[in-house]
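Given next are the chains, with one letter for each unit.
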Amino acid sequence: MQRYFECYGMNKEGKFDTQYVNFNLVFGTGYKTFTPKKNQLKKHSSFKSISYFRVVDGEPIYNDNNELIRVQY
């Protein structure tokens, strides 16, 4: 299992969407209890704005282009 931030916000097309950001991309492996700011998560996503986020543990699901599309938890 891997840890991800499930982010809900507005994408570049102006539509609300869900996107997953790998926990280790933001913090590495040392900060297990630190809570990020939305701006930190926005740097690692393609969103214009993030409404809310939560931490989820699960297995990543990739599409044919090897892009992360969702996390099965």
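The sections below set out a description of the structure shown in this document. Every chain is numbered independently, its residues counted from 1 as its sequence is written. Totals for whole chains, interfaces and linings use every residue, but because this is a predicted model, local features are given only for residues with pLDDT of at least 70 and side-chain atom pairs only at 80 or more, for both listing and counting. Side-chain numbers here rest on the full set of heavy atoms in the structure, without hydrogens or water.

**Some details on the side chain of Asn11**
Part 1 of the argument: We count a stretch as a helix when DSSP gives it H or I for four or more residues in a row; a strand needs E for two or more, and each element gets its number in order from the N terminus. For Asn11, the position within the fold is in strand 1 (residues 2-11).
Part 2 of the argument: Three labels apply to residues, based on accessible area from a 1.4 Å probe with only protein chains included: buried if under 20% of the type maximum, exposed if over 50%, partly exposed otherwise in between. A relative accessible area of 10% means that Asn11 is categorised as buried.
Part 3 of the argument: Any pair of N or O atoms that falls within 3.5 Å is considered a polar contact. Within protein, one atom must be able to donate a hydrogen and the other to accept it, and sequence-neighbouring residues count only if both atoms are side-chain atoms. Side-chain polar atoms of Asn11 contact the backbone nitrogen of Glu13, separated by 3.1 Å.
Part 4 of the argument: What makes two residues a contact is simply this: any of their non-hydrogen atoms within 4.5 Å. In contact with Asn11, not counting residues within four places along its chain, are Asp17, Ser46, Phe47 and Lys48.

**Things to note about the nonpolar core**
Part 1 of the argument: Put simply, a nonpolar core is a bunch of buried Ala, Val, Leu, Ile, Met, Phe, Trp, Tyr and Cys residues held in one set by side-chain atoms that sit within 4.5 Å of each other. Listed in full, the nine residues of the largest apolar core are Phe5, Cys7, Val21, Phe23, Val26, Phe27, Leu41, Phe47 and Ile50.
Part 2 of the argument: When contributions to this core are tallied by element, the ones reaching two or more residues are strand 1, helix 1 (23-27) and strand 3 (47-62).
Part 3 of the argument: In terms of residues, this core owes the most to one element, helix 1, which gives three residues.
Part 4 of the argument: When neighbours within four sequence positions are excluded, Val21 is seen to be in contact with Tyr4, Phe5, Cys7, Val26, Leu41, His44 and Ser45.

**A short note on the side chain of Glu6**
Part 1 of the argument: Within the secondary structure, Glu6 is located in strand 1.
Part 2 of the argument: Look at Glu6 and you get buried, because its relative accessible area is 11%.
Part 3 of the argument: Among the polar contacts listed, one links the side chain of Glu6 to the side chain of Arg54, at a separation of 2.4 Å.
Part 4 of the argument: A polar contact is formed between the side chain of Glu6 and the side chain of Tyr73, at a distance of 3.2 Å.

**Some words on the packing of aromatic side chains**
Part 1 of the argument: Classification of ring pairs rests on two measures: the distance between centres of Phe, Tyr or Trp rings, Trp counted by its six-membered ring, which must be within 6.5 Å, and the angle between planes, read as stacked under 30 degrees, edge-to-face over 60 and tilted in between. Taken as a whole and assessed by the stated rule, the structure comprises four aromatic pairs.
Part 2 of the argument: Relative to Phe53, the ring of Phe5 has its centre 5.9 Å away and its plane inclined at 80°; by these criteria the two rings are edge-to-face. Remark: Phe53 occurs in strand 3 and Phe5 occurs in strand 1; sequence separation between them is 48 residues.
Part 3 of the argument: For Phe53, a relative accessible area of 22% puts it in the partly exposed group.
Part 4 of the argument: When the ring centre of Phe23 is taken as origin, the NZ or CZ atom of Arg3, which lies over that ring, is 5.7 Å away. Placement of a charge over a ring requires the Lys NZ or Arg CZ to be within 6 Å of the ring centre, with the centre-to-atom vector within 35 degrees of the ring normal.

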